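# Structural description and commentary
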Amino acid sequence: MAPPWCPLFWGWVQPPIGPPFAAQQPDPAPGDPEGALDLGLAEDHFSRPVVSGVGVVGIGGIQRAQLTLLLLWWRWQGLILASDVPQLRRAIEECKRVILALPEHSERQKDAVVRLIHLRLKLQELKDPAEDEPNIRVVLEHRFYKEKSKSVKQMCDKCSTIIWGLIQTWYTCTGCYYRCHSKCLPLVSRPCVRAQVSHQAEYQLSICPESGLDSQDYRCAECRAPISLRGVPSEARQCDYTGLYYCSSCHWNDLAVVPARAIHNWDFEPRKVSRCSMRYLALMVSRPVLKLREINPLLFNYVEELVEIRKLRQDILLMKPYFITCKEAMEARLLLQLQDRQHFVENDEMYSLQDLIDIEAGRLGCSLTEIHTLFAKHIKLDCERCQAKGFVCELCREGDVLFPFDSHTSVCADCSAVFHRDCYYDNSTTCPRCARLSLRKQSLFQDSGTEAEP
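The sections below set out a description of the structure shown in this document. Just so it is clear, the structure is predicted and the values come from calculations on it, not from any experiment.

### Quick word on the packing of aromatic side chains
Using the criterion set out here, one finds seven aromatic pairs in the structure. One aromatic cluster is present, formed by Y322, F403 and F405 through successive ring pairs. We note R137 situated over the ring of Y171; from NZ or CZ to the ring centre the distance is 6.0 Å. Taking NZ or CZ as reference, R275 lies 3.9 Å from the ring centre of W252, over its face.

### Quick look at the state of the cysteines
Tallying each qualifying case throughout the model produces zero disulfides. Looking at C184, it has no disulfide partner, and the nearest cysteine sulfur is the one in C159, 3.8 Å off.

### Focus: the sheet that holds strand β10 (residues 179-181)
The four strands are arranged β5-β6-β9-β10 in an open sheet whose pairing can be described as antiparallel. This sheet does not close on itself; its edge strands, each paired only once, are β5 (136-139) and β10. When strand polarity is set aside, the average angle formed by the axes of neighbouring strands in this sheet is 30°. Two elements, β5 and strand β6 (residues 142-146), share four bridges in a ladder whose sense is antiparallel. Across the sheet, the residue bridging to I136 is Y145, located in β6.

### Some thoughts on a nonpolar patch on the surface
A contiguous nonpolar surface patch, about 270 Å² in accessible area, is contributed by I136, V138 and Y145. If you trace the backbone, V138 turns up in strand β5.

Thresholds, definitions, all that
- Residues numbered from 1 in each chain as written.
- Predicted model: local features only at pLDDT ≥ 70, side-chain atom pairs only at ≥ 80, totals over all residues.
- Heavy atoms only, no water.
- Phe/Tyr/Trp six-rings, centres within 6.5 Å; stacked < 30°, edge-to-face > 60°.
- Lys NZ or Arg CZ within 6 Å of the ring centre and 35° of its normal.
- Disulfide = S-S within 2.5 Å.
- Pairing = 2+ DSSP bridges.
- Helix = DSSP H or I, 4+ residues; strand = E, 2+ residues; numbered from the N terminus.
- Axes fitted to C-alpha atoms, helices over the stretch in contact; angles between N-to-C directions.
- Patch = residues over 30% accessible without salt bridge, like charges linked within 9 Å, V, L, I, M, F, W, Y side chains within 5 Å.
- Areas by Shrake-Rupley, 256 points an atom, 1.4 Å probe, with all protein chains shown as cover.
- Salt bridge = Lys/Arg side-chain N within 4 Å of Asp/Glu carboxyl O.

What is shown is where atoms sit, not what they do.
Structure (structure tokens):
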């Protein structure tokens, strides 16, 4: 019959029947380096120990180093049950010594590392219990909420170290997504950029407005830590958006598209910006705050895509009145096709930085053309009510029904009547509809004057 299995901390080993325990050498002390160096990992000379209470009654075939390891295992079991910090620290040190003694990359060493992790988790729970931390903290207009996730690894925005969610309490600002350890909350010096966006939503439109380190007193623009270009005591890193210099804790060399370079140079190459600037640009990227006709009107002469986008947006604004008065269009919620760019159905002048990025990449032109085609199909083909709101050219009275968003039409600026473009520009007279409305007003005025006479 095969010998029984012997449980040890690294697994289960089937030991052979060996000589009696009395024939073995005296056991070394648990901290003896001679026994710690050879733990019997090359051979399986283990016999099943007979345990009674807390002592060993009989052990056969266990060599000196193997017995040392078994004694260490029993000691760990006793220390793991401890509930105070000093005992857990002793257990951690004992586990470290065994890990160093075991062969590298062995399965037994890996199991010992797992045991060490469990000990450290228990120690961290005693030192920093999560249940004592409040769920909401307000610091410098940040609204910090305690995170529940334990498996996601993040970086602390304050100390620039890893947040181990499994053993550490950490918070995230719901406005700007600033993340930090619980212990770093009192040290936060950066105000919430969400409040800045709400109070003053505008971009810095000067390209890298540098003023020099001397204007900052050779200190970080955010945390005021000493910095220099030589890297002593800390490296000075320039933010391409603000032109200011920051330390390595406030500037992680994050890359972002700078609005000033995009508007003035049509340059969308990501540049290095500080953490604060990166958060601000991320919150502002979809806000329509750029009026290109005022900031850089010459841009439309050099970027053909901008001209095409402007024409599509103007057509969509002309289609909007049809959808607002059409029951079928309201039920189909056609205007929600532009729910991510609501400013497209409000005006044709304002742009967001994301609009410019998508125009440069060619994405916005394709998607907006598809939406334009869908809207035109509803008005001209699918909906009879919308078709009935079309126009007939009053100058030639020929051709199909016209709509103001057709490419071959012109619209009267006064009465919004629609004509063929060639007819409108070839005819030097006034708009027939404007003339008819003017005569009607005069007739009404004369009728009201006649009734007023006695």
